[in-house]
Amino acid sequence: MGYKLVRILKKIYLTSFLTIAFISNADDVEKKQNFNTQVINAKHDLSIHSKAKIYSIKANMNGLSLRSSKIDNPSLNSLRLYKDPSRNDKYILKILDENSKVIGLIGLKNPFYIHLQHIGYEDSNVFGGYVDYNFDIPISMNSNAKYISFHEQNEFGLKEISKIQLD
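Of the regular secondary structure elements, the protein holds 3 helices and 9 strands. Its helices and strands taken in sequence order, the protein reads α-α-β-β-α-β-β-β-β-β-β-β from the N to the C terminus. Of all 167 residues assigned to the protein, the portion counted as buried reaches 31%. If you take every contact in the protein between residues at least 6 apart in sequence, the share linking residues at least 24 apart comes to 57%.

In total, this model carries 6 aromatic pairs according to the counting rule given. In this structure an aromatic cluster arises from ring pairing among Tyr91, Phe112, Tyr133, Phe135 and Phe150. Its guanidinium or amino end placed over the ring of Tyr147, Lys163 lies 4.7 Å from that ring's centre, counting from NZ or CZ.

Okay, the sheet that holds strand 1 (residues 52–60) next. The antiparallel open sheet is built from 3 strands, whose spatial order is 2-1-7. Strands with a single pairing partner mark the edges of an open sheet, and in this sheet they are strand 2 (63–72) and strand 7 (133–140). Shown here is a sheet whose adjacent strand axes are inclined to one another by a mean of 25°, direction ignored. Sheet topology places strand 1 next to strand 2; 9 bridges connect them, and they run antiparallel.

Before going further, it helps to spend a moment on the environment of Leu76. Relative to the helices and strands, Leu76 is located in helix 3 (residues 76–80). As a C-alpha pair, Leu76 and Ser47 span 29 residues in sequence and 8.6 Å in three-dimensional space.

Pairing of strand 3 (residues 91–97) with strand 8 (residues 145–154) involves 7 bridges; the strand directions are antiparallel. By the bridge assignment for strand 8, Leu96 is matched with Tyr147. With 8 bridges connecting them, strand 8 and strand 9 (residues 157–165) associate as antiparallel partners. Residue pairing for strand 9: Tyr147 is matched across the bridge by Gln165. Following strand 8, the chain reverses through 2 residues before pairing antiparallel with strand 9.

What follows concerns the sheet that holds strand 4 (residues 102–107). Pairing within the open sheet is antiparallel, and its 4 strands lie in the order 4-3-8-9. Edge positions in the open sheet fall to strand 4 and strand 9, since each of these has one partner strand only. Here the average twist between neighbouring strands, direction ignored, is 25°.

Moving on, we come to the pairing of strand 3. Burial runs high along strand 3: 7 of the 7 residues are buried. With burial as the criterion, each face of strand 3 is covered, one bearing Tyr91, Leu93, Ile95 and Asp97 and the other bearing Ile92, Lys94 and Leu96. Note that strand 3 and strand 4 share 5 bridges and pair antiparallel. Paired with Leu96 across the strands is Val102, a residue of strand 4. As consecutive antiparallel partners, strand 3 and strand 4 are separated by 4 residues, and within that stretch Ser100 has a phi angle of approximately 60°, a positive value.

As for its position among the elements, Asp97 is in strand 3. Buried charge Asp97 goes without a salt bridge, the closest partner of opposite sign being Lys101 at 5.7 Å. At 3.1 Å, the side chain of Asp97 forms a polar contact with the backbone nitrogen of Asn99. Beyond its immediate chain neighbours, meaning those up to four positions away, Asp97 contacts Ile103, Asn144, Ala145, Lys146 and Tyr147.

Rules used in this analysis
Residues numbered from 1 in each chain as written. Predicted model: local features only at pLDDT ≥ 70, side-chain atom pairs only at ≥ 80, totals over all residues. Heavy atoms only, no water. Helix = DSSP H or I, 4+ residues; strand = E, 2+ residues; numbered from the N terminus. Buried < 20%, exposed > 50% of the residue type's maximum accessible area, 1.4 Å probe, protein only. Contact = heavy atoms within 4.5 Å. Phe/Tyr/Trp six-rings, centres within 6.5 Å; stacked < 30°, edge-to-face > 60°. Lys NZ or Arg CZ within 6 Å of the ring centre and 35° of its normal. Pairing = 2+ DSSP bridges. Axes fitted to C-alpha atoms, helices over the stretch in contact; angles between N-to-C directions. Lys, Arg positive; Asp, Glu negative; His and termini not counted. Salt bridge = Lys/Arg side-chain N within 4 Å of Asp/Glu carboxyl O. Polar contact = N/O pair within 3.5 Å; in protein donor to acceptor, adjacent residues only side chain to side chain.

Dropping the structure here:
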């Protein structure tokens with residue numbers, strides 16, 4: 001009789017523990033940003049055959065700076081930059097309008113850390129370093145983009161690092 005009571009109590013304890021853990025975890029998942037519902041395709045009006053506003057950006061892991069802007073046909077390399085963000089992206093760019101509404105998202109992976117490998121230094125603890133990253137962002141002529149916001153993604157969501165205003 002005592003053995004059966006212990007088994008029943010263990011089942012009740014386990015069920016209540018799992019229920020509480022599930023409910024508390026469900027709240028955390030709800031707070032995370034869901035990219036599937038948020039991704040807006042900012043590339044849909046861009047082509048190498050049509051004019052676009054091209055912004056030259058210098059970036060590092062601490063922020064962005066606008067180097068120059070021009071109106072020209074985008075290069076194939078700058079169009080390849082447009083990738084939908086995923087969980088593997090450490091850094092993300094948001095293209096914002098004048099009301100700070102997101103009109104485009106770009107996943108950058110981690111372009112600031114360069115991995116090095118050299119024969120004869122296999123025992124070394126250092127296999128890379130941080131670098132600045134220069135790239136061009138083409139934005140459609142008919143979009144009303146006013147800001148580019150730079151974010152770092154971690155397990156808790158996005159953290160804004162810097163925001164620059166476009167001319």
